[in-house]
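Spelled out from the first residue to the last, the chains are:
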Amino acid sequence: MNAINRYIDFFKKYFNPFISLSIGVFLFILFFQPFPILIFDQNDKLIFTAGLGVIMFLSLSIVKSTAFIIYTEEESSGNKFILSSTLSTIGVFVISSLAFAFYLRYVGEIGISFYIMVKIMILCLAGALLLRLYEMIQALRQHNESLIREKRNVQKLVERYEEDYLNKTIAFTSDSSETLNLLVADVAYIRSADNYVEIVYREGDVFRKKLMRSTLRAIEQQIRSYSNFVRCHRICIINSHFIEKLNKNYGSYSLSIKGHTEKIPVSRQYILKIKELA
């Protein structure tokens, strides 16, 4: 049953391009008349030309179905897929060229000269290459779709990780052993204030400040395991999740904080790293 379903999927995948290429061959020969068809009347010429389209359809079907049997879908990946497609292209070219030559010679009674054979080979090669191009486009489309799905899965994992990460609690400890417990997601920035540090954090929709007796260097050691905290100035550390945009005014830089009116200074020493985050 699985084999039958695979064959059905195979013909669903290739039926439209097979028909399109066959009709293209029929129309090309009908309008451009590359072969001297002289022994038929107009109606018979249409039937005869349609026969060339049928030959192209059968050549495509036989070669591709044979390749499908030899190289199953599970095996048709990587180098085996490339080998299968290359052999199929060559097979379509060879079989259709021979079939066209016999059909023109014994049904159309057209003498097969070197010039006629060259035109047959060019026509059949075009059909084989167009099918190869179709396969390449389909493979790229499938690869692109798989990359999009993979990207979505990675984004979901990143979002889940960030959510878990931001919900962790930081314990800020002062020199006087005072402790302030805050979620990573709530700490906006930390600024030096003489012998103190000012911790600005969000509580609901309101930003609050807490002065603790410590140095910015000591606080930086306490939060070094959290990569979203970045020093932007010798007196300031910013939580990258609160960065709204980087502002430039007469050669000086500052950061706008989401939901907060105060701007944070940025020194040239740290500007490159902040530009990557902003």
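Predicted, not measured: the structure shown is a model, and the values here were computed from it. (Residues numbered from 1 in each chain as written. Predicted model: local features only at pLDDT ≥ 70, side-chain atom pairs only at ≥ 80, totals over all residues. Heavy atoms only, no water.)

**Some points on a nonpolar patch on the surface**
Here is step 1 of the chain: Taken together, the side chains of Leu87, Ile90, Val94, Ile95, Leu98, Phe102, Tyr106 and Val107 make up a nonpolar region of the molecular surface, amounting to roughly 770 Å² of accessible area.
Here is step 2 of the chain: Position of Leu87 relative to the elements: it lies in helix H3 (residues 79–106). (Patch = residues over 30% accessible without salt bridge, like charges linked within 9 Å, V, L, I, M, F, W, Y side chains within 5 Å. Areas by Shrake-Rupley, 256 points an atom, 1.4 Å probe, with all protein chains shown as cover. Salt bridge = Lys/Arg side-chain N within 4 Å of Asp/Glu carboxyl O. Helix = DSSP H or I, 4+ residues; strand = E, 2+ residues; numbered from the N terminus.)

**Overview of the sheet that holds strand E3 (residues 187–193)**
Here is step 1 of the chain: Judged by pairing direction, the sheet is antiparallel, and its five strands sit side by side in the order E5-E4-E3-E7-E6 without closing on themselves. Each having just a single partner strand, strand E5 (206–213) and strand E6 (229–233) make up the two edges of the open sheet. Pairwise comparison of adjacent strand axes, ignoring direction, gives a mean angle of 20° for this sheet.
Here is step 2 of the chain: With four bridges joining them, E6 and strand E7 (residues 236–239) adopt antiparallel strand pairing. Bridged to Arg231 within E7 is Ile237. (Pairing = 2+ DSSP bridges. Axes fitted to C-alpha atoms, helices over the stretch in contact; angles between N-to-C directions.)

**Structural notes on the packing of aromatic side chains**
Here is step 1 of the chain: In this structure the tally under the stated criterion is nine aromatic pairs.
Here is step 2 of the chain: Grouped by ring-pair contacts, the aromatic residues Tyr14, Phe15, Phe18, Phe57 and Tyr134 constitute a single cluster.
Here is step 3 of the chain: The ring of Tyr106 has Arg105 sitting right over it, with the charged end atom 5.5 Å from the ring centre.
Here is step 4 of the chain: The ring of Tyr196 carries the charged tip of Arg213 above its face, separated from the ring centre by 5.5 Å. (Phe/Tyr/Trp six-rings, centres within 6.5 Å; stacked < 30°, edge-to-face > 60°. Lys NZ or Arg CZ within 6 Å of the ring centre and 35° of its normal.)

**Quick look at the state of the cysteines**
Here is step 1 of the chain: One pass over the full model with this rule turns up zero disulfides.
Here is step 2 of the chain: Residue Cys236 stays outside any disulfide, its sulfur separated by 4.1 Å from that of Cys232, the closest cysteine. (Disulfide = S-S within 2.5 Å.)

**Brief notes about the nonpolar core**
Here is step 1 of the chain: Phe35, Leu52, Phe100 and Ile120 are the most contacted members of the largest nonpolar core, which has 27 residues in total.
Here is step 2 of the chain: Mapped onto this core, the elements with two or more residues apiece are helix H1 (2–32), helix H2 (42–70), H3 and helix H4 (114–166).
Here is step 3 of the chain: The element that contributes the greatest number of residues to this core is H2, accounting for seven residues.
Here is step 4 of the chain: Setting aside residues no more than four positions away along its own chain, Phe100 makes contact with Val25, Ile29, Leu52, Ile55, Met56, Ile120, Leu123 and Cys124.
Here is step 5 of the chain: Ile199, Ile219, Tyr226 and Phe229 belong to the second-largest nonpolar core, a separate cluster that totals 19 residues. (Core = buried A, V, L, I, M, F, W, Y, C linked by side-chain atoms within 4.5 Å. Buried < 20%, exposed > 50% of the residue type's maximum accessible area, 1.4 Å probe, protein only. Contact = heavy atoms within 4.5 Å.)

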